[in-house]
Structures are given as structure tokens and as C-alpha cells.
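Secondary and tertiary structure notes
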Amino acid sequence: RYEIQFDSRFDTEQRTPAYEAFPTLAESDGVLQAVIEAYRPPSEAGIENWSLSTLSGMVSATSGGDPSLLLLEVESRSAEAASAIANVWADTVVQRGRAIYGGSGNDVAFFQRQMEQAETALDQAEAALIEFEARNQGSILRAQLDSLNQAQADYLESQRAVAYIVQDIQSLRGQLAEGSGSQAASLGDNLTALLLQIKAFNTQASASGAAPITPIQLQIDSSETLSDKSRTEQIAFLDDLVAALQAKAGEIELRLAELEPQILAAQEQLQAVSVESDRMVRTRDLSRETYLTLARKLEE
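Residues numbered from 1 in each chain as written. Predicted model: local features only at pLDDT ≥ 70, side-chain atom pairs only at ≥ 80, totals over all residues. Heavy atoms only, no water.

Concerning helix α2 (residues 29–38)
Along α2, the positions that sit buried rather than exposed are V31, L32, V35 and I36. Seen along its axis, α2 keeps its buried residues to an arc of 140 degrees; they face one direction. In α2, those exposed residues whose orientation departs by more than 90 degrees from the buried face are D29, E37 and A38. Check the buried side of α2 and you find it contacts α1 (22–26), α3 (52–58), β1 (59–63) and α4 (79–101). (Buried < 20%, exposed > 50% of the residue type's maximum accessible area, 1.4 Å probe, protein only. Helix = DSSP H or I, 4+ residues; strand = E, 2+ residues; numbered from the N terminus. Arc of directions from axis to C-beta. Contact = heavy atoms within 4.5 Å.)

If you want it as C-alpha cells, here you go:
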């Protein structure tokens, strides 16, 4: 017998036929009694007292050269009766042997019941998955999390930009402090201060969500100054600008602190939905695989 193994979880019991037991089975009282009940020899066959002891003396079962080959011999005064008894005997041995060593109708009934249960489980798993998808907020939560992560990235970028601008302002302030306080700031210093002011405003606009200020182009006459501020006034202006930037940095810190729990909560909700989705899909796939395996096994 050849067995097709579709899935290691569903293993049909392998029965190796006991060839050496076949002759004993053929000559057993149960088999011979079944032959007596299935066949009645005619009167012209000359067989008197058709009984178990009479049949036992007429038959002989041996193994052939191949252990799986069973030889059944019947001796009788009538060739026709011997042939008929041998045929009935062979059919009886085959039926009894299949009942003992082969598969039975119970296997089919078992797999039919299992397949019906698997089909019910598959229907329930598919219905549960459909119901879950009707309330699945995974895509919404993912979009919210992406938006929060982008806002966090923007704030961090603004935070770095503010830090760099403050460093540049402090460098310029140090240069201005080296000269006389009443002396007018040079064109280069005024131009640098103006550019730093523009960058500071641009950074504040970006941090607040507004569109960045479009870069401007200046054409400066080197014979003129951009401002009549003295070095001391320019230093005070830069100090005010640093204070404004530091206030903006503090505001960014607060926004980042507010975003952190929101991001963590969104991540938790998204992960919970993902885990539930994976569990639903995994249950559906396992139920479908089980049903298909049982269907193939039943067909086998």
C-alpha cells in the first residue's frame, strides 16, 4: 500500500502486512465458518456433513515463493465444488485480511467529521477576519504616527538650526566686542547681522509651521552702510536676537516633550492593531491549510 503524506500533522496509521500470518488467518475457524455459511455444496459433490471439521480437512493454505503470495488449495471429489469452495474461501480471506490489515470505512468517516469541523473553523476564522477589517484603524494610526514623526523631525531640525545660528551670532558679537563701543559697525558686520536676523526669522517661521521666508538678494553699495548703529547697539541687538532664539528653543523643547507621549501612544495602538491583525490572518491561514489538508487526505 502506498500512502501519500500531505501534512505531518495528519498521519494515516501505517500498517505493515504480516505475511507470515496469512496462512494461519486463512485456516482460522472464523474464516472457514464464514465459507461454510456462504457456500452450500450440491448433493452430487459427494460432500457429507458440511461442517467446520469437514472443511478443515479439505483445505490447505501455504505461502508461495513470495511471502505476499498466499496459495489456497481445496481437495474434493468434485472439481466444480473444489473450484467454488476455493473462490468463496479466497474472497473471505481477502475481506477478513482487509478488515484486519487494511483501511476501513471508519477512516473515511473520521476524516469526513474532521473536515466538517475544519470547514466550520475556517468559516468562523474568515468571518472574524472580515469583522476585524471593518474596524481596523491600522492605516489611520499609521498615518497619524507618520505625521507625528515628521513633526518631531521638523522640530529637531529647527532646534539644530537655532543652535547653529546662536553660535554664529555669538561669534559675531565677539568680533564686535573687540572694537570701540561708540564706533559704527562696519558694512560687513551689519550685513552679517542682517543675514543672521533673516535666518533666525526663517527658522522661527519653520518651527511654527509657516512657509519659510523666500531667500532675498541684496545689492549693496560699499560706500554706504546698512545701519547707523554703533558696535554697542549692534551687540545689544544681537543679544536680543539670541534671547529670542533661546525662547524659541525653549518652545521647541516643550513641543518635543508634548510629541513624545503622543508618538509612544500611537506606536502602542498601532502595534496592538498589528498584533491582532497578524493573529487573525494566522488563524485564518492555519484553518484554511487544515481544511485543505483534510480534504486531500479524504480524497486519498
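Points about the nonpolar core
Of all hydrophobic cores here, the largest spans 24 residues; its most connected members are I169 and L245. Looking at this core, the elements with two or more residues in it are α5 (105–134), α6 (138–177) and α8 (231–299). For this core, the element with the most residues is α8, which contributes 13 residues. Among the nonpolar cores identified, the runner-up in size contains 21 residues, and A26, V31, W50 and A82 belong to it. (Core = buried A, V, L, I, M, F, W, Y, C linked by side-chain atoms within 4.5 Å.)

A word on the pattern of salt bridges
Here the structure, examined in full by the defined rule, presents 8 salt bridges. Of the charged contacts in the structure, one is a salt bridge between E131 and R135, with a shortest N-O distance of 3.1 Å. Linking E251 and R255 is a salt bridge whose minimum nitrogen-to-oxygen distance equals 3.5 Å. Note that E251 and R255 are positioned in helix α8 at a spacing of 4 residues, about one turn of the helix. Residue classification places E251 among the partly exposed positions, given a relative accessible area of 31%. On the basis of relative accessible area, R255 is assigned to the partly exposed category, the value being 32%. (Salt bridge = Lys/Arg side-chain N within 4 Å of Asp/Glu carboxyl O.)

Observations regarding the packing of aromatic side chains
Considering all chains together, one arrives at 3 aromatic pairs under this definition. A ring pair is formed by F110 and F111, whose centres lie 5.2 Å apart and whose planes are at 70 degrees; its orientation type is edge-to-face. Classification of F110 as partly exposed rests on a relative accessible area of 38%. (Phe/Tyr/Trp six-rings, centres within 6.5 Å; stacked < 30°, edge-to-face > 60°.)

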